[in-house]
Amino acid sequence: MSTLPRHFQILLVPSHVVDRSGAAVEDSAVRSATVEYTGETGASGYPRYSGHGVIADIDTATRTVEALLVDGAELDYGLTALVSDYPRA
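Residues numbered from 1 in each chain as written. Predicted model: local features only at pLDDT ≥ 70, side-chain atom pairs only at ≥ 80, totals over all residues. Heavy atoms only, no water.

Asker: I'd like a description of the sheet that holds strand β3 (residues 47-51), backed by residues and values.
Answerer: If you trace the six strands from one edge of the open sheet to the other, you get β5-β4-β3-β2-β1-β6, paired in antiparallel fashion. Each having just a single partner strand, β5 (64-70) and β6 (79-85) make up the two edges of the open sheet. Between one strand and the next, the sheet's axes are offset by a mean angle of 30 degrees, whatever the strand orientation. Here three bridges tie strand β2 (residues 31-41) to β3, and the two strands are oriented antiparallel to one another. Bridged to Y37 within β3 is Y49. (Pairing = 2+ DSSP bridges. Helix = DSSP H or I, 4+ residues; strand = E, 2+ residues; numbered from the N terminus. Axes fitted to C-alpha atoms, helices over the stretch in contact; angles between N-to-C directions.)

What follows is the structure, encoded as structure tokens:
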């Protein structure tokens, strides 16, 4: 039995940001949220993570956001959700 990561950071990045000129993706994000595994499986069939107004179903194998709500609504057009490792202290 594999264990799922407890935390991820979700970064919302404008889709038009193609060249970051060497900046980290975190610097291009318009919003970020640390999400924690809820112990549930979402409607998409993937593990559900939640925190800071964000609910995300994440495919932990590919680190892809399969479903996402931000403040109870779907993601605005023009934004892309990216998964980053939870920052370690």
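On we go from here.
Asker: Any details on the nonpolar core? Residues and values, ideally.
Answerer: I10, V35, V54, A56, I58 and L68 are the most contacted members of the largest nonpolar core, which has 14 residues in total. For this core, the elements supplying multiple residues, two or more each, are β1 (7-14), β2, β4 (54-59) and β5. Setting aside residues up to four positions removed in sequence, L68 forms contacts with L12, V54, I55, A56, A73, E74, L75 and A81. (Core = buried A, V, L, I, M, F, W, Y, C linked by side-chain atoms within 4.5 Å. Buried < 20%, exposed > 50% of the residue type's maximum accessible area, 1.4 Å probe, protein only. Contact = heavy atoms within 4.5 Å.)

Asker: Please give an account of the side chain of D57 that cites residues and values.
Answerer: Along the polypeptide, D57 turns up in strand β4. At 2.9 Å, the side chain of D57 and the side chain of S44 are in polar contact. Within the structure, D57 has its side chain in polar contact with the side chain of R48 (distance 2.9 Å). Not counting residues within four places of it along the chain, the set of residues in contact with D57 comprises G42, A43, S44, Y46, P47, R48, T64, V65, E66 and A67. (Polar contact = N/O pair within 3.5 Å; in protein donor to acceptor, adjacent residues only side chain to side chain.)

Asker: Mind laying out the pairing of β4, listing which residues take part and the relevant values?
Answerer: The element β4 is extensively covered by neighbouring structure, given that five of its six residues are classed as buried. Sheet analysis places β3 next to β4, joined by four bridges and oriented antiparallel. Each bridged residue has a counterpart across the sheet, and for R48 the counterpart in β4 is D57. As consecutive antiparallel partners, β3 and β4 are separated by two residues, and within that stretch H52 has a phi angle of approximately 55 degrees, a positive value. Both β4 and β5 contribute to a ladder of six bridges, which runs antiparallel. In the sheet register, V54 faces β5, and the bridge partner there is V70. Linking β4 to β5, which pair antiparallel, is a turn of four residues; within it R63 sits at a positive phi near 60 degrees.

Asker: Please set out unusual backbone geometry residue by residue, giving values where relevant.
Answerer: The phi dihedral of H52 is positive, around 55 degrees, even though this residue is not glycine. Mapped onto the elements, H52 comes out in the loop between β3 and β4. Residue D71 is not a glycine yet carries a positive backbone phi of 55 degrees. Turning to its location among the elements, D71 is positioned in the loop between β5 and β6. The exposed category is assigned to D71, whose relative accessible area is 56%.

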